[in-house]
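One-letter residues, chain by chain:
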Amino acid sequence: MLTKFEKVTTRDGLEDGKALVVRFGREEVCLVRWDGKFFAFANHCPHMDSPMQWGYIEQGFIECPWHGFRYDLATGARLRIPGAGGLDLYPIRIVGDDVYVGPRPPSPAPAPRTEYYG
Ligand code: FES
C-alpha cells in the first residue's frame, strides 16, 4: 500500500502518450504522460475494473479498452456523463528529473449524524 510519495520514474522514463503501471503491494497505479505532464490514477476502470494501462490515450483523456468510456486525465471525470464515477486520482510530485506518486487523500469523512435529545 502506498503510504508516502515514492519515486516511480524519471521525466524521460515514460514517453508521451504512454502508460506505466507501478505496484505498491496490491495497489496498482497507472501513470500516464500526456503533453509533457504526468497523471496517476488507480489502474482499474470504475465501470467494470478493466486494466486502464491498455487504454487509448489522446487529447488529455484515456479511453477504457473494454467499453470505451473516456476519462479526463487531469480531473478523472468521466466525459459526457457528469457526475458518473471517475478515475481515482493520485497526487504527483516532480523533483528535478524524478517523478513521484503519493497516497490518495482519504475519502471525505461521512456526514455527521444528527442526534436529537429531549
Ligand atoms: S470496464 Fe471500462 S468502460 Fe467498461
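Just so it is clear, the model here is predicted, and its values are computed rather than measured.

With respect to unusual backbone geometry
For Asp 35, which is not a glycine, the phi torsion comes out positive at approximately 55°. Tracing the sequence through the fold places Asp 35 in the loop between β3 (27-34) and β4 (37-42). On the neighbour-count criterion, Asp 35 (9 C-beta atoms within 10 Å) is exposed. Of note, the phi angle at Gln 59 is positive, near 50°, even though the residue is not glycine. As for its placement among the helices and strands, Gln 59 is situated in the loop between β5 (56-58) and β6 (61-63). Looking at Gln 59, the number of C-beta atoms within 10 Å reads 8, which means it is exposed.

Side note on the sheet that holds strand β7 (residues 70-72)
Ordered by their spatial adjacency, three strands build an open sheet running β5-β6-β7, and the pairing between neighbours is antiparallel. With one partner strand each, in any of the chains shown, β5 and β7 form the two edges of the open sheet. On average, each strand axis in the sheet is tilted by 25° relative to the strand beside it, whichever way the strands run. Sheet topology note: the β5/β6 ladder contains three bridges and is antiparallel. Of the residues in β6, the one forming a bridge with Ile 57 is Ile 62.

So, the sheet that holds strand β10 (residues 98-101)
Sheet strands associate in pairs through backbone hydrogen bonding, adopting either a parallel or an antiparallel arrangement. Here we have three strands laid out as an open sheet, ordered β1-β10-β9, and antiparallel in their pairing. If you trace the sheet from one side to the other, it starts and ends with β1 (6-10) and β9 (92-95), each paired once. Pairwise comparison of adjacent strand axes, ignoring direction, gives a mean angle of 30° for this sheet.

Basis of the calculations
Residues numbered from 1 in each chain as written. Predicted model: local features only at pLDDT ≥ 70, side-chain atom pairs only at ≥ 80, totals over all residues. Helix = DSSP H or I, 4+ residues; strand = E, 2+ residues; numbered from the N terminus. Buried ≥ 20, exposed ≤ 12 C-beta atoms within 10 Å, placed from the backbone. Pairing = 2+ DSSP bridges. Axes fitted to C-alpha atoms, helices over the stretch in contact; angles between N-to-C directions.

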